[in-house]
Amino acid sequence: MAKFPVQEWHAQHLRLTVFPPPDANDRRSEWWQRMTGTEPNESTTDRKRNTALVSGEFGGGYLTLGLAPERIDWYLTAAEGPVDPSISIEDIGPMIQSVDQFSAIAERWLAEQDTPEVARLAFGAVLTHPEADHTAGYTRLRDYVPITVDPDWRDFVFQVNVRDLRMAAYGIAYLNRLSRWSVAARVSSRLSLTPLGIAVAGGGAAQYGLRLELDINTPADSAGTIPRQQLAELYRQLIAAGRAIASDGVAHEQYRLQ
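Residues numbered from 1 in each chain as written. Predicted model: local features only at pLDDT ≥ 70, side-chain atom pairs only at ≥ 80, totals over all residues. Heavy atoms only, no water.

1. Focus: the overall build of the protein chain
Heads up, the condition is: Strands are runs of DSSP state E lasting at least two residues, helices are runs of H or I lasting at least four, and both sets are numbered from the N terminus onward. The cut-offs for exposure are 20% and 50% of the maximum accessible area for each residue type, with area from a 1.4 Å probe on protein chains only; residues under the lower value are buried, those over the upper are exposed, and the others partly exposed. Contacts are residue-level and defined by heavy atoms, with any inter-residue pair within 4.5 Å sufficient. Computed by Shrake-Rupley with a 1.4 Å probe, the accessible areas treat only the displayed protein chains as cover when residues are assessed.
Each helix and strand in the protein chain was counted, giving four helices and 12 strands. Scored against the burial criterion, the 258 residues of the protein chain give a buried share of 45%. Restricting the contact set of the protein chain to residue pairs at least 6 apart, pairs at least 24 apart contribute 69%. For the protein chain, the computed accessible surface area is about 13,300 Å², with 49% contributed by carbon and sulfur atoms.

Structure representation (structure tokens):
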């Protein structure tokens, strides 16, 4: 089974994470409204933990800004709710359009004067491609990972970090390119409340899909911060790395296991 065009991937979850240095304390809930030009649907603050979440509708999805002492996250998900990608099952839309839409916010924010200094930068995504059934999904997986996958296998996960060592221009030694491959099944059901508790009924036919989780990030052991004028271009490098993996997989000869 041949690889499909990269345009056929759908996005379930997109994420930009920045890790400021320990002494960078600037965290602003107002960033969400400034970047989107609209009022958020919800804004919560936990003063004890020094965290905040700001979220609202954005471009057919739901955009969330998460503020914490050690990191700042932007998430784009399909609907209001948890930003945990292991919980998300709905699609935002086609990957290319969704990433472009998300990147417009990400790059604009990275260029803001009050964005804190950045020690590390990361892009994450959860992508899916519909498959006819279990066998089709596992057969498809063969084209994207460097091992022979048996269509009769169950619960198979392949994860690898293929580092890009050509990053000296950005002052870092390498770029982590982590990808996690699996075949997922969705089964729709109906929940109802009864005197005995919650009942689950009406499990429908399973829908299968190839699932790709990406985490493209700069190394944790780099010293200093990334120059502000390079942040947007470095972010584009992370996006390009993610698109290359989604297009070609990690089935190249140089990665092939013996």
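Past the structure itself, the notes keep going.
2. As for the pattern of salt bridges
How we decide: What makes a salt bridge here is a side-chain nitrogen of Lys or Arg within 4 Å of a carboxyl oxygen of Asp or Glu, nothing more.
Applying the stated criterion to the full structure yields 15 salt bridges. A salt bridge links Arg-34 to Glu-30; its shortest N-O distance comes to 2.9 Å. Assessed through its relative accessible area of 45%, Glu-30 is described here as partly exposed. Note that Glu-107 is salt-bridged to Arg-236, the shortest N-O span being 2.9 Å. Of this pair, Glu-107 sits in helix 2 (residues 95-110) while Arg-236 sits in helix 4 (residues 231-248), and the two are 129 residues apart along the sequence. The exposure class assigned to Glu-107 is partly exposed, which follows from its relative accessible area of 22%.

3. A short note on the packing of aromatic side chains
Cut-off, in case you're wondering: Only the six-membered ring of Trp is used, alongside the rings of Phe and Tyr, when aromatic pairs are assigned; centres must lie within 6.5 Å, and planes under 30 degrees apart are stacked while those over 60 apart are edge-to-face, with the rest tilted. Ring-over charges, as used throughout, are those where CZ of Arg or NZ of Lys falls within 6 Å of the ring centre and within 35 degrees of the ring normal.
The final tally for this structure, using the stated rule, is nine aromatic pairs. Judged by centre distance (5.6 Å) and plane angle (40°), the rings of Phe-4 and Tyr-144 are tilted. One end of the pair, Phe-4, is in the segment before strand 1 (10-19); the other, Tyr-144, is in the loop between helix 3 (134-141) and strand 8 (157-161), with 140 residues separating them in the sequence. Taken together, Phe-4, Trp-9, Tyr-144 and Trp-181 form an aromatic cluster joined through their ring pairs. Over the aromatic face of Tyr-144 sits the side chain of Lys-3, whose NZ or CZ is 5.7 Å from the ring centroid. Looking at Arg-120, its charged tip hangs above the ring of Phe-19, at a distance of 5.1 Å from the centre.

4. Some details on helix 4
Operational definition: Expected span of a helix, by definition, is 1.5 Å for each gap between consecutive residues, and there is one gap fewer than residues.
Across its 18 residues, helix 4 extends 26 Å between first and last C-alpha, which sits within 8% of the 26 Å expected from 1.5 Å per residue. Residues of helix 4 that are buried: Leu-231, Ala-232, Leu-234, Tyr-235, Leu-238, Ile-239, Ala-241, Gly-242, Ile-245 and Ala-246. Summarising the contacts, the buried residues of helix 4 are in contact with strand 1, helix 2, strand 7 (120-131), strand 9 (176-186) and strand 12 (207-217). Looking at the residues trailing helix 4, positive phi occurs at Gly-249, about 70°.

5. Some thoughts on unusual backbone geometry
Phi is positive for Asn-50, which is not a glycine, with a value near 60°. With respect to the element layout, Asn-50 can be found in the loop between strand 2 (42-46) and strand 3 (51-58). On the basis of relative accessibility, which here comes to 53%, the residue Asn-50 falls in the exposed class. Despite not being glycine, Asp-155 shows a phi value in the positive range, around 55°. Owing to a relative accessible area of 76%, Asp-155 belongs among the exposed residues under this scheme.

6. Section: the nonpolar core
To keep things clear, this is the line we draw: Residues belong to a common nonpolar core when they are buried Ala, Val, Leu, Ile, Met, Phe, Trp, Tyr or Cys residues joined through side-chain atoms within 4.5 Å.
Counting residues in hydrophobic clusters, the biggest one holds 62 residues, and the most contacted among them are Trp-9, Leu-16, Trp-74, Leu-121 and Trp-181. With sequence-adjacent residues up to four places away left out, Trp-74 is seen in contact with Leu-14, Arg-15, Leu-16, Trp-31, Trp-32, Met-35, Leu-63, Thr-64, Leu-65, Phe-102, Ile-105 and Trp-109.

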